[in-house]
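# Observations on chain architecture
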Amino acid sequence: MRLGFFTACFRRKPIAEVADWASAQGFTALEVACWPYDNTRDYSSTTIDVEALTPEEAHEINEMLKSKNLIISSLGYYDNMLHSDPRQREAHLRHLTKVMDAAHMLGVGLVGTFIGRNIELSVADNLKEAERVFSDIMKYAEDRNLRVMIENCPMVGWQQPGIPGNLAYSPELWDELFKRIPSESFGLNFDPSHLYWLGIDYIQAAKDYRDRIFHAHAKDVELLDEGYYRYGIFGSQLGSGHGKTFWRYRLPGLGEIDWARFISILYEIGLESGTLSIEHEDPIWEGTEEKLKAGLIMGRRHLAQYMP
């Protein structure tokens, strides 16, 4: 299994600079962030500008990465593919096709995104929309020999305070999505941190959905007793953002995920040829590039002790 990280934490740093640093630290994979260059969403970046990428540039990127013993494990563009504003939705879907085109040029077999949510519709109607929208996305992907994976982040408060903004965060919803979008090329970028604070057994979920896990995120989580006491499981009703009122994300080894057991399960379910990718959203180890890099190094060291 390769050990990498999601480049979204390096905002707009060119891939050559990210690769130089990653290789020097012993990483062997990059999950490459591919948001539009003018995007302002938190935890997003443009490591490769897919709007401008040419086949010649894709070849140069691959040769550069090969020289550093790195691969691209996935291209990632996590945005709301069911946005209630038709113009916003169309822009997101159009950019996702550009990401898939870039993946095809680069020879990368995986593209990661979100389902999202139309906040004006019921969950049932959102699932009908997801079936319609993602059936077209999967046809586009399969024509290019790509697999599409959804990260299981609830994105609480993304469109409305206290409400999940990405309808792909639980086994109940996964079952419905896989029934409606039956393509074997449609799966999960499995992140145990979200399941943990939701109270879902991430070990059992990894076993149960072994055939749908294409890639895994290494993000830890810490439950905050004071927040739990003050807000309860529904979180703050007067705040905003993505929730995080009784938990916070941490780097691997600084939270409550059992990484020895989780990594063992990843090998057990057949992900030994895949990638475990650190997603750095730890508020303690961000704010400067020096702290960000130190955090990634700590995370890599912790995970590496459980990998051959």
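Structural notes, computed from the coordinates.

Attention now moves to the overall build of the chain. Along the backbone of the chain there are 10 helices and 10 strands. Relative to the globule expectation of 19 Å for 308 residues, the C-alpha radius of gyration of the chain, 18 Å, shows essentially globular dimensions. Across its three principal axes, the chain shows a C-alpha extent of roughly 50 × 40 × 40 Å. The proportion of buried residues among the 308 residues of the chain is 53%. Relative to all contacts within the chain whose residues are 6 or more apart in sequence, the contacts with residues 24 or more apart total 78%. Accessible area for the chain stands at about 13400 Å²; split by element, carbon and sulfur atoms hold 48% of it.

Applying the stated criterion across every chain, the model contains 2 cavities of 30 Å³ or more. Considering only enclosed or pocket space, the largest cavity measures out at about 230 Å³ in volume. Taken together, 24 residues make up the lining of the largest cavity; nearest its centre are Arg-41, Tyr-43, Met-155, Glu-279 and Glu-281. If you list the elements that add at least two residues to the lining of the largest cavity, you get helix 6 (192–198) and strand 9 (247–250). When the residues that make up the lining of the largest cavity are grouped by side-chain class, the tally is 14 nonpolar, 3 polar and 7 charged. Estimates place the volume of the second largest cavity at around 30 Å³. Around the second largest cavity, the lining residues are Ile-150, Ala-168, Trp-174, Leu-177, Phe-178, Phe-186, Gly-187 and Leu-188. Looking at the lining of the second largest cavity, the elements with two or more residues in it are helix 5 (171–180) and strand 6 (186–190). Taken together, the residues of the lining of the second largest cavity sort by class into 7 nonpolar, 1 polar and no charged.

Before going further, it helps to spend a moment on the pairing of strand 6. Of all the 5 residues making up strand 6, 5 are buried; the element is thus mostly covered by neighbouring parts of the structure. Inspection of the sheet shows strand 5 (residues 147–151) paired to strand 6 by 4 bridges, in the parallel sense. Bridging from a neighbouring strand, Met-149 pairs with Gly-187 of strand 6. Assessed by its sense of winding, the connection that carries the chain from strand 5 through helix 5 to strand 6 is right-handed. Pairing analysis gives 3 bridges linking strand 6 to strand 7 (residues 213–218), with the strands arranged parallel. The partner of Leu-188 across the bridge, within strand 7, is Ile-213.

Okay, helix 5 next. Along helix 5, the residues classified as buried are Leu-173, Trp-174, Glu-176, Leu-177 and Phe-178. Close packing links the buried residues of helix 5 with helix 4 (123–142), strand 6, helix 6 and helix 7 (202–208).

On to the nonpolar core. One broad rule of soluble globular proteins: the nonpolar side chains tend to lie buried together. If you look at the biggest cluster of nonpolar residues, it comprises 96 residues, and the most contacted ones within it are Phe-5, Leu-30, Ile-48, Ile-72 and Leu-276. Aside from chain neighbours lying at most four places away, what touches Ile-72 is Ile-15, Leu-30, Val-32, Ile-48, Ile-61, Leu-65, Leu-106 and Val-108.

Turning to its location among the elements, Asn-189 is positioned in strand 6. At a separation of 3.0 Å, a polar atom in the side chain of Asn-189 contacts the side chain of Tyr-78. At a separation of 3.0 Å, a polar atom in the side chain of Asn-189 contacts the side chain of His-215. The contact partners of Asn-189, leaving out residues within four places of it in the chain, are Glu-31, Tyr-78, Met-149, Ile-150, Glu-151, Asn-152, His-215, Ala-216 and His-217.

A volume near 240 Å³ is recorded for the second largest pocket. Among the residues making up the lining of the second largest pocket, the classes are represented as 4 nonpolar, 6 polar and 5 charged.

A few words now on a nonpolar patch on the surface. Judged by side-chain polarity, Tyr-228, Ile-233 and Phe-234 come together as a nonpolar surface patch covering roughly 360 Å² of accessible area. Counting through the fold element by element, Phe-234 comes out in the loop between helix 8 (225–231) and strand 9. In this structure Phe-234 comes out as exposed when scored by relative accessible area, which is 66%.

Conventions used here
- Residues numbered from 1 in each chain as written.
- Predicted model: local features only at pLDDT ≥ 70, side-chain atom pairs only at ≥ 80, totals over all residues.
- Heavy atoms only, no water.
- Helix = DSSP H or I, 4+ residues; strand = E, 2+ residues; numbered from the N terminus.
- Rg over C-alpha atoms; globule rule 2.2 N^0.38 Å.
- Buried < 20%, exposed > 50% of the residue type's maximum accessible area, 1.4 Å probe, protein only.
- Contact = heavy atoms within 4.5 Å.
- Areas by Shrake-Rupley, 256 points an atom, 1.4 Å probe, with all protein chains shown as cover.
- 1 Å grid on protein atoms, 1.4 Å probe; cavity = no way out; pocket = protein on both sides within 12 Å on 5 of 7 lines; lining within 4 Å.
- Points joined across faces, edges and corners; volume = space filled by probe spheres on them.
- Nonpolar A, V, L, I, M, F, W, Y, C, P; charged D, E, K, R; others polar.
- Pairing = 2+ DSSP bridges.
- Right-handed = clockwise from strand over helix to strand, strands pointing away.
- Core = buried A, V, L, I, M, F, W, Y, C linked by side-chain atoms within 4.5 Å.
- Polar contact = N/O pair within 3.5 Å; in protein donor to acceptor, adjacent residues only side chain to side chain.
- Patch = residues over 30% accessible without salt bridge, like charges linked within 9 Å, V, L, I, M, F, W, Y side chains within 5 Å.
- Salt bridge = Lys/Arg side-chain N within 4 Å of Asp/Glu carboxyl O.

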